[in-house]
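Breakdown of the fold
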Amino acid sequence: MLLNSKGKHRRPSKATRLATLAGVAGAAVAVPLMGATNASAASVETWDAVAQCESGGNWSINTGNGYYGGLQFSQSSWAAAGGTQYAARADLASKDQQIATAEKLLDMQGPGAWACAGAGGLTNDGVDPGVNPGGSGQSASKPEQAQPQRQAERPTTRSEQREAPKAESKAESKKTVTTPTGDKVKKGDGEYEVKSGDTLSKIAQKEGVKGGWSKLFQLNDDIVEDADLIFPGQQLHLK
């Protein structure tokens, strides 16, 4: 989950507690994972539902709250489940790589590792998601781009977010911003343009907004519906 509208961090899930244990066990936890089988599994549709609840379906999200990617891995749980073989953090990995790592965490900890398991209908249903995590690092997502049949499942990249306005009409692009999930939100006409990784708290602190994030939210409540969700390209008023 993201920060709530009161600016507090989310309550740590079981995945966080698992990660703490993994720090004690060290490499002894990660090594068996490389050869583990998917005793527990869930479909891509189920993981999509969990991600929608956890992060709004944004597989490359990094709001600075200590949780990364569509399924909101903590850094320690990402490492404990073997995710670092793909990327340093979950938000830097592809959707398939995040799901492959989530499958291992599900096998280790069960659905309770996610606060949104109930909302997403996550269970050990044994359905192999059939993902193809590929090699290590961000470059692993490139083969997916060459396969048109997988485009619907692949998360939108930052470069695609910049190119998307080219396909929109000029009038519409001036008024809206396309989110990573393909939705359109109001762009606004403020003096500050939201950048990747920004949060209302960060912007308020950086720009010296009196009243902090809550004042910034109040100034822009015509385009920001949820204090936890702002998107690159939106233009916020600072006063």
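A short tour of the structure in this document, coming up. Please read these numbers as outputs of a predicted model, since none were measured by experiment. (Residues numbered from 1 in each chain as written. Predicted model: local features only at pLDDT ≥ 70, side-chain atom pairs only at ≥ 80, totals over all residues. Heavy atoms only, no water.)

1. Concerning the packing of aromatic side chains
Given two aromatic rings, one states the distance between the centres and the angle between the planes to describe the pair. Scanning the entire structure with this criterion turns up three aromatic pairs. Consider the rings of Trp47 and Trp114, whose centres lie 5.2 Å apart with planes at 65 degrees: the pair is edge-to-face. Of the two residues, Trp47 is situated in helix α3 (residues 44–55) and Trp114 in the loop between α5 (95–109) and α6 (117–120); the sequence distance between them amounts to 67 residues. We note that Trp47, like Trp114, is buried. Consider the rings of Phe73 and Trp78, whose centres lie 5.0 Å apart with planes at 70 degrees: the pair is edge-to-face. On the accessibility criterion, Phe73 (2% relative accessible area) is buried. Trp78 sits in the buried class, given a relative accessible area of 0%. Here the aromatic cluster, defined as three or more aromatic residues joined through ring pairs, consists of Trp47, Phe73, Trp78 and Trp114. Across from the ring centre of Tyr192, 4.6 Å away, lies the NZ or CZ of Lys195, which sits over that ring. (Phe/Tyr/Trp six-rings, centres within 6.5 Å; stacked < 30°, edge-to-face > 60°. Helix = DSSP H or I, 4+ residues; strand = E, 2+ residues; numbered from the N terminus. Buried < 20%, exposed > 50% of the residue type's maximum accessible area, 1.4 Å probe, protein only. Lys NZ or Arg CZ within 6 Å of the ring centre and 35° of its normal.)

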